[in-house]
Amino acid sequence: MSRAPSLLMVDPGHFEVSYTINPWMKPDAWSQDREGHFRAAQASSLALRQALEKAGAEVIMMPGAAGLPDMVFPANAAVVLDGRAIVARFRCPERRGEEALFLKLFQSYRARGLFTEVAQYPETVFQEGAGDCIWDHTRQFFWAGYGQRSVRESLAVTRDFFGVTIEPLELVSPRFYHLDTCFLSLSGGEVVYYPQAFSEAGRGRIRDIVGADKLIAAGDEDAAAFCINAVNFGREIVMARPKDGLRAKLSERGYHVTGVDLDSFIMSGGGAYCMTLRLDRASDAATAKAKVARA
Ligand code: ARG
């Protein structure tokens, strides 16, 4: 039997929208009803956690920190594969304080033998974690976004650290500033994407690699509702409440979709995927090696 997927989440007790580093963030709208939005965010975070657990995941909660409201989006903390983590370098100064806290967390995992190696991107090489680096389990490589937050130079660092192929995707829209806002890789090999977020070359690569039968284009409404920013394991998909036809398209393909009200986090430009970080992501090569070692 395979173990439950392990997902990191961050306690939302310090969450707010107090600055603008992407076009979705409206501190004015937040301050019109600070308490109401805060309360809704606490409820939404709990609802997400419960939906993930119900779908079969194990959720590990990490405390947040005062003055770092966007820490609730740990997908940006690091890229993780095969018990190895490379910790992010944030482009926006508002989020840089998170780096040391996530580094400390992964170092503690290493000290406990849960991780074998923990590194960090070089100081000047911006890279915002799994939000811009998405593992494709079917194809055994990372799709890596660059051009908005992460820089193209980060791709070679990721490739060298993990020793796996990286498929670069240039992001061209400030509204879809992380790859996970416009790209979702599913367990069955399907890819959901929002074509307008990518350069012509990127769209071409996605079409060539994924193939028409496995490629699902999301509409404007689902993209703006952060539904592409979804968590998938097995046949389960957990996402912000879907709007358009996306739920139907995924159900048709045999996925079970759970929609959660994440409106207060969408006010910060984030959805389900970025509120989590998968800690036990493993490549087939490492899984096979571990099996041999156990035999
Ligand atoms: N306010 C956060 C930021 O702009 C939202 C991050 C969402 N994370 C993600 N992986 N899409 O950085």
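Remember, it's a predicted structure, so these values are computed and weren't measured experimentally.

Asks: Requested: an account of the packing of aromatic side chains, with residues and values cited.
Replies: Scanning the model with the defined rule gives 17 aromatic pairs in all. Ring geometry for Trp24 against Phe226: centres 4.9 Å apart, planes inclined by 70°, an arrangement best described as edge-to-face. Of this pair, Trp24 sits in the loop between strand 1 (6–10) and helix 1 (27–32) while Phe226 sits in the loop between helix 6 (220–224) and strand 12 (231–233), and the two are 202 residues apart along the sequence. For Phe226, a relative accessible area of 0% puts it in the buried group. Consider the rings of Phe161 and Phe162, whose centres lie 4.8 Å apart with planes at 85°: the pair is edge-to-face. For Phe161, a relative accessible area of 13% gives the class buried. Residue Phe162 is classed as buried on the basis of its relative accessible area of 11%. Ring pairs connect the aromatic residues Phe141, Trp143, Phe183, Tyr193 and Phe198, which therefore count as one cluster. It is Arg84 that lies over the ring of Phe161; its NZ or CZ is 4.2 Å from the centre.

Asks: So what's going on with the sheet that holds strand 8 (residues 166–170)? Residues and values would help.
Replies: Taken in spatial order, the 3 strands of this open sheet run 6-7-8, and their pairing is mixed. Looking along the sheet, the strands with just one partner apiece sit at the ends: strand 6 (133–136) and strand 8. Geometrically, the sheet is characterised by an average inter-axis angle of 25° between neighbouring strands, direction not taken into account. Where strand 6 meets strand 7 (residues 141–146), 4 bridges bridge the pair, whose relative direction is antiparallel.

Asks: Could you give me a rundown of the site of the ligand, with the residues and numbers involved?
Replies: For the ligand, the set of nearby residues contains 16 residues, the closest of which are Asn22, Arg95, Arg149, Asp180 and Ser268. With respect to the ligand, the side chain of Asn76 contributes an N or O atom lying 2.9 Å from a nitrogen atom. In the environment of the ligand, a nitrogen atom lies 2.8 Å from a nitrogen or oxygen atom belonging to the backbone of Ser268. Residues that form the shell around the ligand fall into these classes: 5 nonpolar, 7 polar and 4 charged.

Asks: With reference to specific residues and values, describe the sheet that holds strand 13 (residues 236–240).
Replies: Pairing within the open sheet is mixed, and its 3 strands lie in the order 12-13-14. Among the strands making up the open sheet, the edge pair consists of strand 12 and strand 14 (256–260). Between one strand axis and the next, the sheet turns by 15° as a mean value, whatever way the strands run. Pairing between strand 12 and strand 13: 3 bridges, direction antiparallel. Looking at strand 13, one finds that Phe233 is bridged to Glu236.

Asks: Can you tell me about the nonpolar core, naming the residues and giving the values?
Replies: Ranked by size, the top nonpolar core spans 89 residues in total, and within it Leu52, Phe106, Phe183, Phe198, Ile206 and Leu250 carry the most contacts. Sequence-distant contacts of Phe106, that is, excluding residues within four places in its chain, are made with Ala78, Val80, Ala85, Val87, Phe115, Val118, Leu277 and Leu279. If you look at the next biggest cluster of nonpolar residues, it comprises 17 residues, including Leu81, Ile86, Trp135 and Val151.

Asks: Explain the side chain of Arg149 residue by residue, including any values.
Replies: If you trace the backbone, Arg149 turns up in the loop between strand 7 and helix 4 (154–162). Reaching out from Arg149, the side chain makes a polar contact with the side chain of Glu128 at a distance of 2.9 Å. If we skip the residues at most four places from it in the chain, Arg149 touches Ile21, Asn22, Arg91, Cys92, Phe126, Glu128, Asp132, Tyr177 and His178.

Asks: Quick one: what's the story with the environment of Leu52, residue by residue and with numbers?
Replies: Relative to the helices and strands, Leu52 is located in helix 2 (residues 34–55). The buried category is assigned to Leu52, whose relative accessible area is 0%. On a C-alpha basis, the gap between Leu52 and Pro5 in space is 9.6 Å, while along the polypeptide they are 47 residues apart. Excluding its chain neighbours within four sequence positions, the residues that come into contact with Leu52 are Leu7, Met9, Ala57, Val59, Val231, Phe233, Val238 and Thr276.

Cut-off values and rules
Residue positions are given per chain, counted from 1 along the sequence in the order it is written. A pLDDT threshold of at least 70 governs which residues receive local features in this predicted model, and a stricter bar of 80 or more applies before side-chain atom pairs are shown or counted, although totals over entire chains, interfaces and linings include all residues. In computing side-chain values, all of the structure's heavy atoms are included and hydrogens and water are not. Paired rings are identified among Phe, Tyr and Trp, the last through its six-membered ring, by centres lying within 6.5 Å, and are further divided according to the angle between planes into stacked (under 30 degrees), edge-to-face (over 60) and tilted (the rest). We count a stretch as a helix when DSSP gives it H or I for four or more residues in a row; a strand needs E for two or more, and each element gets its number in order from the N terminus. In this scheme, a residue with accessible area under 20% of its type's maximum is buried, one over 50% is exposed, and one in between is partly exposed, where area comes from a 1.4 Å probe on protein chains only. Sitting over a ring, as applied to charges here, requires NZ of Lys or CZ of Arg to be within 6 Å of the ring centre and within 35 degrees of the ring normal. Being paired, for any two strands, means DSSP has found at least two bridges between them. To define axes, lines are fitted to C-alpha atoms, for helices over the stretch in contact only, and angles between the resulting N-to-C directions are given on a 0 to 180 degree scale. It suffices for a single heavy atom of a residue to lie within 4 Å of a molecule or strand for the residue to be listed as near it. N or O atoms within 3.5 Å of each other form a polar contact, as long as, within protein, one can give a hydrogen and the other can take it, and as long as residues adjacent in sequence are counted only when both atoms are side-chain atoms. Under this grouping Gly is polar, as are all residues other than the nonpolar Ala, Val, Leu, Ile, Met, Phe, Trp, Tyr, Cys and Pro and the charged Asp, Glu, Lys and Arg. Here, nonpolar core refers to any group of buried Ala, Val, Leu, Ile, Met, Phe, Trp, Tyr and Cys residues whose side-chain atoms link them within 4.5 Å. Throughout, a contact is declared for two residues whenever any of their heavy atoms are within 4.5 Å.

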